[in-house]
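Residue-level structural notes
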Amino acid sequence: AQSVTQPDIHITVSEGASLELRCNYSYGATPYLFWYVQSPGQGLQLLLKYFSGDTLVQGIKGFEAEFKRSQSSFNLRKPSVHWSDAAEYFCAVSVEYGNKLVFGAGTILRVKS
Amino acid sequence: DTAVSQTPKYLVTQMGNDKSIKCEQNLGHDTMYWYKQDSKKFLKIMFSYNNKELIINETVPNRFSPKSPDKAHLNLHINSLELGDSAVYFCASSQDDGSLPGLARDTQYFGPGTRLTVL
């Protein structure tokens, strides 16, 4: 079965430091890949998505992600984290038909000043 | 303007009761979804509807019955609530036509969630 793994449950970074959140997927073909962010008490907001083409995709709020087929990974990065980036981040893949998104377990990002 | 709205935001109820959560989207999307986020923040799809037609039903107990009066609304009715139903329920919508083969391309827009607590 298709699955998404986010190995890090919590990550703490200093404000201004760089960030990388890991995501690995298990799927036979190239899936469509997404990163969502959930701020406390809020719904999920799409940061970026990858379908095809350039494997480095740019998203909102200064985030980017790189699709690496050989590693079945789609890691999220940001060069300089802001305190407002503290939230929970979910990686998701779209598989089969019917618009089904399969989510990872999420990574909680804490930002220290 | 809120794109996807849910009511209520919080719902506390006793075991055995029947409750409904309402969802409305004003984006003109064709497809709507219900997701359940459990206490460990694991988010899993429950249902999707396209133009009032059920597309996905992820082996959810039949105590859960989605109802779509029109394509802008997808309500979730839960009968005989159990402790394990406590979770945050998210509604979402997208422009994808879920009846066609292929992968979901369009962004799913999520509502703010409804935190259901069953006592």
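Here's a quick rundown of the structure. (Residues numbered from 1 in each chain as written. Chains lettered and ligands numbered in written order. Predicted model: local features only at pLDDT ≥ 70, side-chain atom pairs only at ≥ 80, totals over all residues. Heavy atoms only, no water.)

Counting across every chain of the model gives two disulfides over all chains. Disulfide pairing places C23 of chain A opposite C91 of chain A at an S-S distance of 1.9 Å. Residues C23 of chain A and C91 of chain A are joined by a disulfide whose S-S torsion is about -65 degrees; by sign, that bridge is left-handed. Of the two residues, C23 of chain A is situated in the loop between β3 (19-21) and β4 (24-26) and C91 of chain A in strand β10 (residues 87-95); the sequence distance between them amounts to 68 residues. Take C23 of chain A: its relative accessible area is 0%, and that puts it in the buried class. For C91 of chain A, a relative accessible area of 0% translates into the label buried. Covalent S-S linkage joins C23 of chain B and C91 of chain B, the inter-sulfur distance amounting to 1.8 Å. Every disulfide takes its handedness from the sign of the S-S torsion; for C23 of chain B and C91 of chain B that torsion is -75 degrees, giving left-handed. Taken together, the residues span a long stretch of sequence, with C23 of chain B in strand β3 (residues 19-25) and C91 of chain B in strand β9 (residues 87-94) at a distance of 68 residues. Residue classification places C91 of chain B among the buried residues on the basis of a relative accessible area of 0%. (Disulfide = S-S within 2.5 Å. Helix = DSSP H or I, 4+ residues; strand = E, 2+ residues; numbered from the N terminus. Buried < 20%, exposed > 50% of the residue type's maximum accessible area, 1.4 Å probe, protein only.)

Now for the pairing of strand β9 (residues 73-78) of chain A. Residue and element names in this part refer to chain A. Counting buried positions along β9 gives five out of six residues, so the element sits mostly inside the fold. Across three bridges, the pairing between β3 and β9 is antiparallel. Paired with L19 across the bridge in β9 is K78. Of the strand pairs in this sheet, strand β8 (residues 64-68) and β9 are connected by five bridges, and their pairing is antiparallel. Across the sheet, residue E64 finds its bridge partner in β9, namely R77. (Pairing = 2+ DSSP bridges.)

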